[in-house]
Amino acid sequence: MKNRFAGMVTACSMLALMSGAAQALELAWVHANAAAQSEQRVKAGFDAWLAETGKTDWNVSLLDSGGSGEATASNIQDAASRGVDAIVITMADLRASRAALDAAKAANIPVFAVDSGYTEGVLVDITTNNWAMSSDVSVYLLDQLGGKGNIVFLRMAEHHGTRKRGDVMATVLKEYPDVKVLAEHNIDYTAFFEDTNKTMEDYVARFGTEINAVWAPWDEPAQAAVNVLNANGLKDVKVIGIDGHPQAIAEVCKPDSQMIATVSQPFEKMGAQVGDWIQAIIVDKQNADDVLPAKTVYMDAPLVTKKNCKDFM
């Protein structure tokens, strides 16, 4: 009887272990550029979700693409070949990843994208409305200039979001004929802070006090621009960014800072939402069409100015 009981305990223990093992997941997290604070915040939100939900048995391997679209494709291909349970891609340019996404689909590996633009082969992209964010902050900047003046226009075409933001600003500028673009530059994403810093030093040397404003496609280049302007004593220039990172909001809140606005993106919530979807679709085996409200899911992103910045600190 004792041996039979011991056998039952062993069998139950094995079943428990097998049940627990069934919940363990192997995930690949593909960063477009791990140096970007937006990507770090998405991952932090996902990590917080893992801790809150007790997912200690989910193994997440990190792959940094260093700002390269080709490296992103290679990292997706690597994850697909390893047969992971899911791939998460953050802030990537997926135009070079067609074959890699096809490989993931062929291996029945769901791909969840964050602010990467919906592309065939991706299950869902969670993002914010980049056209709306740019409309809010671009019009705000031009109105703060009184509809006239000279601006430096920093763009970045290699990411769908920053590309859309720049396109909106270019459209809005058509309605402001008294605003002149002194210079336009496409930021090198592989070294975005350094490139913006070098570019702004060149523009300050060339244009000096002619510069009335700087339009930046996200917060880190905006901060680089502020740093160069301060170093050269140009205090009366207005600068905007987009993302709403804590440092950027703190900068906006400084009464004498050139940075007058940003847009607060809920990156941590994006990461947590991806965790919820992976749990529902992969672990709980729910139908993706029932779980996902759309192929592209938008989250709210309010405008942050010197008037309301303390509400976001």
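Coordinates for the structure precede this section.
No experiment lies behind these values; they were computed from the predicted model shown.

Novice: What's the story with the sheet that holds strand β3 (residues 86-90) in this structure? I'm lost.
Specialist: Strands pair in a sheet through their backbones, by hydrogen bonds, and they do so in one of two ways: parallel or antiparallel. Read across the open sheet, the six strands follow the order β2-β1-β3-β4-β5-β11; overall the sheet is parallel. Either end of the sheet is taken by a strand with one partner, and the two such strands are β2 (58-64) and β11 (296-299). Pairs of neighbouring strands in the sheet enclose a mean axial angle of 20°, with direction left out of account. Summarising the sheet, strand β1 (residues 25-31) and β2 pair through seven bridges and their orientation is parallel.

Novice: Even after reading the chapter, I still don't get helix α5 (residues 130-144), so can you show me in this structure?
Specialist: Given 3.6 residues per helical turn, the α-helix brings residues three or four places apart onto the same face. Compared with an ideal rise of 1.5 Å per residue, which puts 15 residues at 21 Å, α5 spans 21 Å between its outermost C-alpha atoms and is within 8% of the ideal. Of all the positions in α5, only N130, M133, S134, V137, S138, L141 and L142 are classed as buried. Buried residues of α5 fall within an arc of 140° about the axis and therefore sit on the same side. Capping the start of α5 is the job of one residue whose side-chain oxygen sits 3.1 Å from the backbone nitrogen of W131: N129. Positive backbone phi, approximately 75°, marks G146, located one or two places after α5.

Novice: How do you make sense of the sheet that holds strand β6 (residues 149-155) when you look at a structure like this?
Specialist: Pairing is mixed across the open sheet formed by six strands, whose spatial order is β7-β6-β8-β9-β10-β12. If you trace the sheet from one side to the other, it starts and ends with β7 (179-186) and β12 (303-305), each paired once. Looking at each pair of strands side by side, their axes are set apart by 15° on average, direction ignored. Relative to β12, strand β10 (residues 259-263) is paired through three bridges, and the arrangement is antiparallel. Along β12, the bridge assignment pairs V263 with L303. Strands β7, β8 (213-215), β9 (238-240), β10 and β12 of the sheet are contacted by α5, whose axis makes an angle of about 165° with β10.

Novice: What am I meant to see in the packing of helix α2 (residues 37-53) against helix α10 (residues 267-283) here?
Specialist: The relative placement of two packed helices is expressed as an angle between their axes plus a distance between the axes. Viewed as axis vectors pointing N to C, α2 and α10 meet at an angle of 45°, and their least axial separation amounts to 6 Å. In terms of their interaxial angle, α2 and α10 are classed as oblique. Both α2 and α10 take part in a crossing whose hand is right-handed. For the pair formed by α2 and α10, the contact residues are S38, R41, V42, G45, F46 and W49 on the first element and F267, E268, G271, A272, V274, G275, D276, I278 and Q279 on the second. Per-class residue counts for the contact of α2 with α10 are seven nonpolar, five polar and three charged.

So, how was this worked out
- Residues numbered from 1 in each chain as written.
- Predicted model: local features only at pLDDT ≥ 70, side-chain atom pairs only at ≥ 80, totals over all residues.
- Heavy atoms only, no water.
- Pairing = 2+ DSSP bridges.
- Helix = DSSP H or I, 4+ residues; strand = E, 2+ residues; numbered from the N terminus.
- Axes fitted to C-alpha atoms, helices over the stretch in contact; angles between N-to-C directions.
- Expected span 1.5 Å × (residues − 1).
- Buried < 20%, exposed > 50% of the residue type's maximum accessible area, 1.4 Å probe, protein only.
- Arc of directions from axis to C-beta.
- Polar contact = N/O pair within 3.5 Å; in protein donor to acceptor, adjacent residues only side chain to side chain.
- Contact = heavy atoms within 4.5 Å.
- Parallel < 35°, antiparallel > 145°, perpendicular 65-115°, else oblique.
- Left-handed = near helix turned anticlockwise from the far one by under 90°.
- Nonpolar A, V, L, I, M, F, W, Y, C, P; charged D, E, K, R; others polar.

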